[in-house]
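The residues making up each chain are set out below.
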Amino acid sequence: MISEFLSYGFVQRGLLAGSLVAVICAILGVFLVLKRLSLIGDGLSHVCLSGVALGLLTQTSPLYMSVPVVLVASLGILKMMDKVKIYGDAAIGIVSAAGLAAGILITALAGGFNADLFGFLFGSILTVGRSEVLGCAVLLAALGLFLLFYYRDLIAASFDEAFARTRGIAVERLNAVLIVFTSLAVVLAFKVVGIFLISALIIVPPVAALLLARTFKQVLCWACGLALLSVWSGVYLSFVFNIPSGATIILVNLLLLAVAFGVSRLGRRYKKGEKHVD
């Protein structure tokens, strides 16, 4: 069954794109969760609906149309946080509501909901093309270079922004780059898990990793590993049982989170037991 599953070209492309997106979202998610900006994925995914709807209305690529729309929205969130002094969750909520409302109106102008739009809303990983796989690979390579040069600065800014500023770290610039990467990841991920489920792929693996890991590098490794496992398992289960791939990937993610929570609790009880014996 597995050999038959992997023999199809569209499955191979879907798994490759899903794996790349999973690693990208897991890495970004770790920093966003620590900065308490994890819901930005949810906000930008709603804005992504506007880009997809514009693509359908103008009969152009929804992927290419979504990139500038989501980038503008992400920079708008940053401006509201820095200039208007609106809290991050409030800024995300405002942009999310605006993007969702605009997307619904544009969808109505484009002729309403259709099969193509439903694929973007809830994921259609097995329809991923070569250009999308290439885009995911380029984004992961760029993210890797960013981490290579700014790893220590990112850690400092994630745990204590005030302390990072005293060390001369350009926190605002790092936040801007992280949010731009997140914007591009959201656009590339809507084929994998769907617009309405992207935020779970950004949030759940890092949260599970934080329960299991002891060091920051372990958090990154656990997050990437759990995200990859959820994508591969979710795609395989959706292929076998003929169920939606995006929702299956997220449900596997949540199952892994529950297991991580159980393992974490057992570990804490074991440590308490050791202290009690001593």
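Just so you know, these numbers come straight off a predicted model, no measurement behind them. (Residues numbered from 1 in each chain as written. Predicted model: local features only at pLDDT ≥ 70, side-chain atom pairs only at ≥ 80, totals over all residues. Heavy atoms only, no water.)

So, on to the overall build of the chain. For the chain, the helix and strand inventory stands at twelve helices and zero strands. With 278 residues in all, the chain has 46% of them scored as buried. Put simply, of all contacts in the chain between residues at least 6 apart along the chain, 75% involve residues at least 24 apart. (Helix = DSSP H or I, 4+ residues; strand = E, 2+ residues; numbered from the N terminus. Buried < 20%, exposed > 50% of the residue type's maximum accessible area, 1.4 Å probe, protein only. Contact = heavy atoms within 4.5 Å.)

Let's shift gears to the packing of aromatic side chains. Summed over all chains, the structure comprises five aromatic pairs. Between Phe146 and Phe181 the ring centres are 5.6 Å apart and the planes differ by 35°, which places this aromatic pair in the tilted class. On the criterion of sequence distance, the pair formed by Phe146 in helix α7 (residues 130-159) and Phe181 in helix α9 (residues 171-189) is long-range, its members being 35 residues apart. Phe181 carries the same exposure label as Phe146, and that label is buried. (Phe/Tyr/Trp six-rings, centres within 6.5 Å; stacked < 30°, edge-to-face > 60°.)

A word on the layout of surface pockets. One number sums up the size of the largest pocket: a volume of about 280 Å³. In terms of lining residues, the largest pocket is bounded by 16 residues, among which Lys35, Leu37, Met81, Glu161 and Asn175 are the most central. Of all the secondary structure elements, the ones that give two or more residues to the lining of the largest pocket are α4 (62-82), α5 (88-109), α7, α8 (161-166) and α9. When the residues that make up the lining of the largest pocket are grouped by side-chain class, the tally is five nonpolar, three polar and eight charged. (1 Å grid on protein atoms, 1.4 Å probe; cavity = no way out; pocket = protein on both sides within 12 Å on 5 of 7 lines; lining within 4 Å. Points joined across faces, edges and corners; volume = space filled by probe spheres on them. Nonpolar A, V, L, I, M, F, W, Y, C, P; charged D, E, K, R; others polar.)

Moving on: a nonpolar patch on the surface. Judged by side-chain polarity, Leu145, Leu148, Phe149 and Tyr150 come together as a nonpolar surface patch covering roughly 470 Å² of accessible area. Note on placement: Leu145 falls in helix α7. (Patch = residues over 30% accessible without salt bridge, like charges linked within 9 Å, V, L, I, M, F, W, Y side chains within 5 Å. Areas by Shrake-Rupley, 256 points an atom, 1.4 Å probe, with all protein chains shown as cover. Salt bridge = Lys/Arg side-chain N within 4 Å of Asp/Glu carboxyl O.)

Right, let's get into the confidence of the model for the chain. Mean pLDDT over the chain: 83, with 88% of residues reaching 70 or higher. Per-element confidence in the chain is highest for helix α11 (residues 216-241), whose mean pLDDT is 91, and lowest for helix α6 (residues 115-122), whose mean pLDDT is 63. (pLDDT = per-residue confidence, 0-100.)

We now examine the nonpolar core. In terms of nonpolar packing, the biggest core is built from 75 residues, with Ile27, Phe31, Phe190 and Ile249 touching the most fellow members. Per element, the largest residue contribution to this core is 15 residues, and it comes from helix α2 (residues 9-34). Counting residues in hydrophobic clusters, the runner-up holds five residues, among them Leu226, Val252, Leu256 and Ala260. (Core = buried A, V, L, I, M, F, W, Y, C linked by side-chain atoms within 4.5 Å.)

Now for the packing of α4 against α9. Following both chains from N to C, one finds α4 and α9 inclined at 150°, their axes separated by 9 Å at the closest point. As judged from the angle between their axes, α4 and α9 are roughly antiparallel. Crossing geometry of α4 relative to α9 is assigned as right-handed. Across the interface between the two elements, Leu63, Ser66, Val67, Val70, Leu71, Ser74, Leu75, Leu78 and Asp82 from α4 touch Glu172, Asn175, Ala176, Ile179, Val180, Ser183, Leu184, Val187 and Leu188 from α9. Residue classes in the contact of α4 with α9 are distributed as twelve nonpolar, four polar and two charged. (Axes fitted to C-alpha atoms, helices over the stretch in contact; angles between N-to-C directions. Parallel < 35°, antiparallel > 145°, perpendicular 65-115°, else oblique. Left-handed = near helix turned anticlockwise from the far one by under 90°.)

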